[in-house]
Amino acid sequence: MTILPVDFYDRDPRLVARELLGQHLVRRGREGICRGRIVETEAYLATGDSACHSHRGQTRKNATMFGRPGRLYVYPIHARYCLNAVTEPRGVASAVLIRAVEPLDGFALMQQRRGVIACANVIERFSVANNRLNQVGARSIELRHLARGPARLCEAFGVDRRLDGWNLTIGARIWIAFGSNVAHEDLATSPRIGVTSAHDLPLRFFVRGNGYVSRSSIYLART
DNA sequence: CTGAGGATAGTCT
DNA sequence: GACTATCCTCAGA
């Protein structure tokens, strides 16, 4: 296992966002270990980006973005959380939002944290929903939705603001390890999801055709 | 102290 | 595709 070093993060967030695709987000806690392949990211720039949290200066909420690269920036949104990796040197407040992973390990733990039962397909999902043995009342979802979307990802991996500022490069609690690089032809870009300003910038990066990517059908842009 | 709004997700049409 | 529950943070009074 190769943990991505600080140098990896100490670069332009557009480069980091692109190269994070294919790498493995790993979460280790008392309950066990979770691992997922990163398939969708977004870059938020330190300058000229009105959608970036740092755009209006430093506050307590976004302070982590102004700190060292390779740290975890967690912030609350709509009663949920989103997970970012801080990029560029201290004082240059940029970050990469991780929007979705393809689950690799820790399926049971992710399901438990999310309070759902993940099914391989819609047919199995229908079957589970009607199964009397499902006494806990957990919703059944498709597997591709287990950690798709930043808030679902945080819930599945047990990430909340207590991990804001955590060092992603020391190999404890949560880190990103090298998995594989995505071939150029499998890489796609689009405008970022859910941002109301700077919507023209193609700062979202995802693995083309990957079923774990959110809203993949909307954009088919190519880099 | 109060109000507004946000890098969402789930549900329903 | 539209609607909205939900809650934390910040700005303004």
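1. Looking at the layout of surface pockets
Thought 1: Volume-wise, the largest pocket comes out at about 510 Å³.
Thought 2: What lines the largest pocket is a set of 22 residues, among which Tyr-44, Tyr-75, Ile-193, Gly-194 and Val-195 lie closest to the centre.
Thought 3: Residue assignment for the lining of the largest pocket shows that the elements contributing at least two residues are strand 2 (32-44), strand 3 (72-77), strand 4 (80-87) and strand 5 (94-105).
Thought 4: Here the lining of the largest pocket is built from residues that sort into 13 nonpolar, six polar and three charged.
Thought 5: Lining the second largest pocket we find Arg-27, Arg-28, Gly-29, Arg-30, Glu-31, Arg-113, Gly-158, Val-159, Asp-160, Arg-162, Leu-163 and Arg-173.
Thought 6: Broken down by element, the residue count for the lining of the second largest pocket peaks at three residues, all from strand 1 (residues 24-29).

2. Some remarks on unusual backbone geometry
Thought 1: The phi angle at Ala-79 is positive, at roughly 65 degrees, despite the residue not being glycine.
Thought 2: Among the secondary structure elements, Ala-79 is positioned in the loop between strand 3 and strand 4.
Thought 3: Of note, the phi angle at Arg-173 is positive, near 60 degrees, even though the residue is not glycine.
Thought 4: In this structure, Arg-173 sits in the loop between helix 5 (150-156) and strand 8 (174-177).

3. Observations regarding a positive patch on the surface
Thought 1: Residues Arg-80, Arg-125, Arg-139 and Arg-152 make up a contiguous surface patch of positive charge.
Thought 2: By secondary structure assignment, the location of Arg-125 is in helix 4 (residues 122-129).
Thought 3: Here Arg-125 falls in the partly exposed class, since its relative accessible area comes to 35%.

4. With respect to helix 2 (residues 13-20)
Thought 1: Looking only at helix 2, the buried set comprises Pro-13, Val-16, Ala-17 and Leu-20. What you see down the axis of helix 2 is that its buried residues fit within an arc of 100 degrees, all on one side.
Thought 2: The secondary structure elements touched by the buried residues of helix 2 are helix 1 (6-9), strand 2, strand 4, strand 5, strand 8 and strand 10 (204-207).
Thought 3: The backbone nitrogen of Arg-14 has a side-chain oxygen 2.7 Å away, supplied by the residue at the start of helix 2, namely Asp-12.
Thought 4: Of the residues flanking the end of helix 2, it is Gly-22, one or two places downstream, whose phi is positive at about 95 degrees.

5. Points about the protein's contact with DNA strand C
Thought 1: Taken together, Thr-59, Arg-60, Lys-61, Pro-76, His-78, Ala-79 and Arg-161 make up all the residues around DNA strand C.
Thought 2: Counted by atom, the contact set of DNA strand C within 4 Å of the protein is 82% sugar and phosphate.
Thought 3: Contact between DNA strand C and Thr-59: a phosphate oxygen at 2.9 Å from a side-chain N or O atom of the residue.
Thought 4: The separation between a phosphate oxygen of DNA strand C and a polar main-chain atom of Lys-61 is 2.6 Å.

6. Overview of the pattern of salt bridges
Thought 1: By the definition in use, this model includes twelve salt bridges.
Thought 2: Across the pair Glu-31 and Arg-113 runs a salt bridge whose closest N-O atoms are separated by 3.1 Å. Of this pair, Glu-31 sits in the loop between strand 1 and strand 2 while Arg-113 is found in helix 3 (residues 107-114), placing the two residues 82 residues apart along the sequence.
Thought 3: Note on Glu-31: relative accessible area 54%, which makes it exposed.
Thought 4: A salt bridge links Arg-192 to Asp-49; the nearest nitrogen and oxygen atoms lie 2.8 Å apart. Residue Arg-192 is found in the loop between strand 9 (187-190) and strand 10, and its partner Asp-49 is found in the loop between strand 2 and strand 3; the two are separated by 143 residues along the sequence. The same class applies to Arg-192 as to Asp-49, namely buried.
Thought 5: It is possible to trace a salt-bridge network through shared partners that takes in Glu-40, Glu-42, Arg-99 and Arg-204.

What counts and how
Residues numbered from 1 in each chain as written. Chains lettered and ligands numbered in written order. Predicted model: local features only at pLDDT ≥ 70, side-chain atom pairs only at ≥ 80, totals over all residues. Heavy atoms only, no water. 1 Å grid on protein atoms, 1.4 Å probe; cavity = no way out; pocket = protein on both sides within 12 Å on 5 of 7 lines; lining within 4 Å. Points joined across faces, edges and corners; volume = space filled by probe spheres on them. Helix = DSSP H or I, 4+ residues; strand = E, 2+ residues; numbered from the N terminus. Nonpolar A, V, L, I, M, F, W, Y, C, P; charged D, E, K, R; others polar. Patch = residues over 30% accessible without salt bridge, like charges linked within 9 Å, V, L, I, M, F, W, Y side chains within 5 Å. Areas by Shrake-Rupley, 256 points an atom, 1.4 Å probe, with all protein chains shown as cover. Salt bridge = Lys/Arg side-chain N within 4 Å of Asp/Glu carboxyl O. Lys, Arg positive; Asp, Glu negative; His and termini not counted. Charge placed at Lys NZ, Arg CZ, Asp CG, Glu CD. Buried < 20%, exposed > 50% of the residue type's maximum accessible area, 1.4 Å probe, protein only. Arc of directions from axis to C-beta. Contact = heavy atoms within 4.5 Å. Polar contact = N/O pair within 3.5 Å; in protein donor to acceptor, adjacent residues only side chain to side chain. Near = heavy atom within 4 Å.

Purely spatial values, then, with no claim about function.
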